[in-house]
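# Summary of the model geometry
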Amino acid sequence: MTKSILFAGVGGQGILLSSKLLTAALIASGYDVKMSEVHGMAQRGGSVTTQVRFGEKVHSPIIGKGDADVLVAFEPMEAARWLDHLKPGGRIILNTGKIPSSVILSGDKDYPEGIEEYLAEHTDLLSIDAQAMAVELGNAKAMNVILLGALAKSLALEDVDWTALIRSEVRPAFYELNEKAFQMGFDL
Amino acid sequence: MKYLMSGNEAVARALYEAGVTFASAYPGTPSTEILESLVPYHEDMYVEWAPNEKVALEAAVGASMAGFRAVAAMKHVGLNVAADPLMTVSYTGVNGGLVIVSADDPGMHSSQNEQDNRLYARLAKIPCVEISGAREAAAAIKEAYQISESFDTPVLFRMTTRVCHSKELVEEGERVAFDPITYEKHPTKFIAAPANARKRRPLVEERVQKLVAYSETSALNTIEDNGASVGVIASGVSVHYAKEVFDEKANYLTIGLTYPLPMEKIRSFVQSVETCYVIEELEPFIEEQIRLAGIDVIGKEKIPTMGELNVDILREALFGETPTYQQAPEEFLVARPPILCSGCPHRGFFYEAKKFRDMIVTGDIGCYTLGATPPLQVSDSVVCMGASISMAHGVYASMAKNGEKKRVMAVIGDSTFLHSGMTSLLNSVYNKTPTINVILDNRITAMTGHQENPGTGYNILGEPAAEVDFEKVVRALGIEKVLTINPLKLGSVREAIKECLAFDEGPSVIITRWPCALKRYSDQDHQEFNLRLPKSQVIEDLCRGCRNCVRTGCPSIRFNKETKKASVDEITCVGCGVCRESCPFDAIVEGELR
């Protein structure tokens, strides 16, 4: 049975590192894995996703509507935008920190109210103020690895050597930060 | 050992393993990472960025003629630029194997059209190889070089966005060195003058016939027999979508050599099942050839010819099935379009240019395409690489002929100007139109992910390289009025445009010179530019809510509708200062150094 994990957020939030680490963990766990990314124009502050599918044998690299087992949303509006790709009632791991888009920054539109409440009612929602937690750790950018920790717990990937994986992807100066961030997310 | 690789990375590895000696490309999404991924192998092979795809292909043709295995890689529209050498190298054939990688972009994720470049293979009468994913790259690339050398032909290797950018586990092999073919003069082959070309022409037709025979037994076309009554003929990533839809309830004929097709193999495959679908993205390329051979299949009467395919689209098209899913209320779905980054040096230019309302502005391909979107909305057109300058000329000349003296401005990036803007500018000089031509020089090829180009002073390996002097180039083309300015200084932008508007004896050029805010700065950048800038901050008491700063479109600026005050996000602000300059009340001031 193929499982699908959709990462959704805004260009520059570090989605790629989270999905890369997840993919490495799934490979280490013996799964066939496919991962799909978006490059180019959308990366300039636009809505971006990466898609990870795993199982015994994976065919399509991309996730269809109502297909994702878990939606890891780095931003509430993006969680709403990609909700149609989640299995009805499926799991959302949500970073609650809001990033207003250009039409909101300019005052032309308002940031929509009530997204989190709606998701809590209609999905299996895990809300995390990962931004604040990451700032507490000393670096707002570690938000992506906190979310990854929470995802690892959700997928029961505790037997993976996460420390080694993290160390293979980040610079030594950031080992401790990311290891702490991962644990923080995992322990939620 | 297996590694997680994207299609692009796997193709790069395969090129290395196939003993390729020469690789040239111009960056373009979704193809860019192919050449970037060859850099680690630069001790064994020659790797370069070329100024455009035509140059890249011609250089690769040269390497092939010299007896080496060569590759040129490009995005689909790049092959339009390289179409001229493509059509004739089909006649000359090769010495060392020659593969042309075309990365198509169905769905236009990052492109201006979604042309299906398999049609080029038929037009040029050369073989076309496709893969469905990274895992197939090694075998397919090696076979492509075998075909190229055995049949004396260039080979089109066609990928698509999902193949280029999807990752899977790939087994690495060893590099097998290719023994170069000793160079000898061969004028009737490589001098495609009419007398020779006429002699080569029938050889091209013979080659297609030989390739048809080869196709029937090629390992690139594979059958998976599940004993089913339904058959699927598919190519590229569509193979995976089909397998997810039908699983083991279909037999599969996967076409890896999409031109020319193994028609007898297809005929017996179709005869072996009750119903046969042809599943391919974009054009009915495989399907039309099959139908032409009098074989009945089901294809584009059900499957869309526009956009990408996916599992949902196939299920709905073939069986009328729709997935079950929930949708968030409409009011949650506020748009998030891409925008110029915080500190983007293009912002200051567009912000000022917008004030000159009575101008037609032709745009070009790059990050600055976003100069056409709100709130800047300056450019009136985007067509293809270099078109800004030639279109501006055409707009001016035709309107002037009709008695309308409208001023026209072309806006083009540094790398795009070097790609194909220079000949356009030469036309404006030669035919004397007073167009204003702006080269937005952000010291890098930014849109595709920061590649070096002949204007940056470095090559693909990061080694110092000859650096184009844009001012000298345009002067050499015959431009008399050239102004080089700092686009973060709005006053200089304004004065430069005014000065060029006052000049009507021929075309003028404005070069805006400031590095991309996301660029990894070189030592030279640090020497030339003061990059440790003070961040901006708003003094609330002085802010009158005029929203001028908001109209710069900077993602670091936020406007509070209740308090009617603007604020600057100190984390993302890089201190370009454009908002400070835009403020008529001096309410935005210098804060901490970046």
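Here is what the cut-offs are and how they apply
Residues numbered from 1 in each chain as written. Chains lettered and ligands numbered in written order. Predicted model: local features only at pLDDT ≥ 70, side-chain atom pairs only at ≥ 80, totals over all residues. Heavy atoms only, no water. Helix = DSSP H or I, 4+ residues; strand = E, 2+ residues; numbered from the N terminus. Rg over C-alpha atoms; globule rule 2.2 N^0.38 Å. Buried < 20%, exposed > 50% of the residue type's maximum accessible area, 1.4 Å probe, protein only. Contact = heavy atoms within 4.5 Å. Areas by Shrake-Rupley, 256 points an atom, 1.4 Å probe, with all protein chains shown as cover. Lys, Arg positive; Asp, Glu negative; His and termini not counted. Charge placed at Lys NZ, Arg CZ, Asp CG, Glu CD. Domains from an automatic or database assignment. Buried area = accessible area lost by both parts, 1.4 Å probe. Salt bridge = Lys/Arg side-chain N within 4 Å of Asp/Glu carboxyl O. Polar contact = N/O pair within 3.5 Å; in protein donor to acceptor, adjacent residues only side chain to side chain. Nonpolar A, V, L, I, M, F, W, Y, C, P; charged D, E, K, R; others polar. Pairing = 2+ DSSP bridges. Right-handed = clockwise from strand over helix to strand, strands pointing away. pLDDT = per-residue confidence, 0-100. Phe/Tyr/Trp six-rings, centres within 6.5 Å; stacked < 30°, edge-to-face > 60°. Lys NZ or Arg CZ within 6 Å of the ring centre and 35° of its normal. Axes fitted to C-alpha atoms, helices over the stretch in contact; angles between N-to-C directions. Disulfide = S-S within 2.5 Å.

Turning next to the overall build of chain A. Scanning chain A for helices and strands turns up 8 helices and 6 strands. Along chain A, from the amino end to the carboxyl end, the secondary structure elements read β-α-β-β-β-α-β-α-α-β-α-α-α-α. Scaling as 2.2 N^0.38, a compact globule of 188 residues should have a C-alpha radius of gyration of about 16 Å, and chain A matches this with 16 Å. In terms of its C-alpha atoms, chain A occupies a principal-axis envelope of roughly 50 × 40 × 35 Å. Here chain A, with 188 residues, has 61% of them falling under the buried criterion.

The next thing to look at is the overall build of chain B. Along the backbone of chain B there are 21 helices and 22 strands. Across its three principal directions, the C-alpha atoms of chain B cover 80 × 65 × 55 Å. Expressed as a percentage of its 594 residues, the buried residues of chain B come to 59%. Put simply, of all contacts in chain B between residues at least 6 apart along the chain, 75% involve residues at least 24 apart. Looking at chain B as shown, the accessible area adds up to about 24,000 Å², and 52% of this sits on carbon and sulfur atoms. Averaging the positions of the 61 positive and the 77 negative side-chain charges in chain B gives two centres separated by 6 Å.

This part takes up the domain arrangement of chain B. All names here are of chain B. Assigned domains within chain B: domain 1 (2-217), domain 2 (222-319), domain 3 (345-528) and domain 4 (534-593). Of note, the centres of domain 1 and domain 3, computed from C-alpha atoms alone, are 32 Å apart. Domain 1 puts 17 residues into the contact, and the matching count from domain 3 is 16 residues. Between domain 1 and domain 3, the buried area comes to about 1,300 Å², and carbon and sulfur atoms account for 64% of it. A per-residue breakdown of the area domain 1 buries against domain 3 is headed by Y26, W49 and Q112, which together make up 38% of the total. Connecting domain 1 to domain 3 are 0 salt bridges. Scanning the region where domain 1 abuts domain 3 turns up 4 residue pairs in polar contact (both at pLDDT 80 or more). With 3 residues, strand β3 (residues 46-49) is the largest single contributor of residues to the side of domain 1 that touches domain 3. Across the side of domain 1 that touches domain 3, the residue classes break down as 8 nonpolar, 6 polar and 3 charged.

Attention now moves to the pairing of strand β15 (residues 407-413) of chain B. Residue and element names in this part refer to chain B. Of all the 7 residues making up β15, 7 are buried; the element is thus mostly covered by neighbouring parts of the structure. Judged from the 4 bridges that link them, strand β14 (residues 359-362) and β15 form a sheet pairing that is parallel. Paired with M359 across the strands is R407, a residue of β15. Between the parallel elements β14 and β15, the chain passes through helix α16 (residues 387-401) in a crossover that is right-handed. Sheet analysis places β15 next to strand β16 (residues 436-441), joined by 5 bridges and oriented parallel. For M409, the partnering residue across the bridge sits in β16 and is I436. This β-α-β element, β15 to helix α17 (residues 414-430) to β16, shows right-handed connectivity.

Moving on: the confidence of the model for chain A. Per-residue pLDDT for chain A has a mean of 93; in total, 98% of the residues score no lower than 70. By mean pLDDT, the top-scoring element of chain A is strand β4 (residues 68-73) of chain A (98), and the lowest-scoring one is helix α3 (residues 102-105) of chain A (91).

Further remarks concern the interface of chain A and chain B. With 59 residues of chain A at the interface, the matching set in chain B holds 54 residues. Of the roughly 4,700 Å² buried at the junction of chain A and chain B (both faces included), carbon and sulfur atoms supply 57%. Our enumeration of links across chain A and chain B arrives at 8 salt bridges. The salt bridge involving A:D108 is made with B:R547; its shortest N-O contact spans 3.5 Å. Counting the contacts that link chain A with chain B gives 20 residue pairs in polar contact (both at pLDDT 80 or more).

With that out of the way, let us pick up the packing of aromatic side chains. What the rule picks out here adds up to 13 aromatic pairs over all chains. Here B:F246 and B:Y277 contribute two aromatic rings whose centre-to-centre distance is 5.6 Å and whose plane-to-plane angle is 35 degrees, an arrangement assigned as tilted. In this pair, B:F246 sits in helix α11 (residues 238-246) while B:Y277 sits in strand β13 (residues 275-279), placing the two residues 31 residues apart along the sequence. Take B:F246 and B:Y277: they sit in the same class, and that class is buried. Site record: aromatic cluster; members linked through ring pairs are A:W162, A:F182 and A:F186. The aromatic ring of A:F186 is capped on one face by A:K153, whose charged end is 5.4 Å from the ring centroid. The ring of B:F559 is capped by B:R547, whose NZ or CZ atom sits 5.2 Å from the centre of that ring.

Another point: the sheet that holds strand β10 (residues 230-234) of chain B. Strand pairs in the sheet, formed through backbone hydrogen bonds, run parallel or antiparallel to each other. All names here are of chain B. An order of β9-β11-β10-β13 is seen for the 4 strands of this open sheet, with the pairing classed as mixed. Looking at which strands have only one partner, the edges of the open sheet turn out to be β9 (222-224) and β13. Adjacent strand axes in the sheet meet at a mean angle of 15 degrees when their direction is disregarded. Of the strand pairs in this sheet, β9 and strand β11 (residues 251-254) are connected by 3 bridges, and their pairing is antiparallel. Counterpart to E224 in the pairing with β11 is Y252.

Here the structure, examined in full by the defined rule, presents 0 disulfides over all chains. Cysteine B:C546 remains unbridged, with the sulfur of B:C583 as its closest cysteine sulfur at 5.8 Å.

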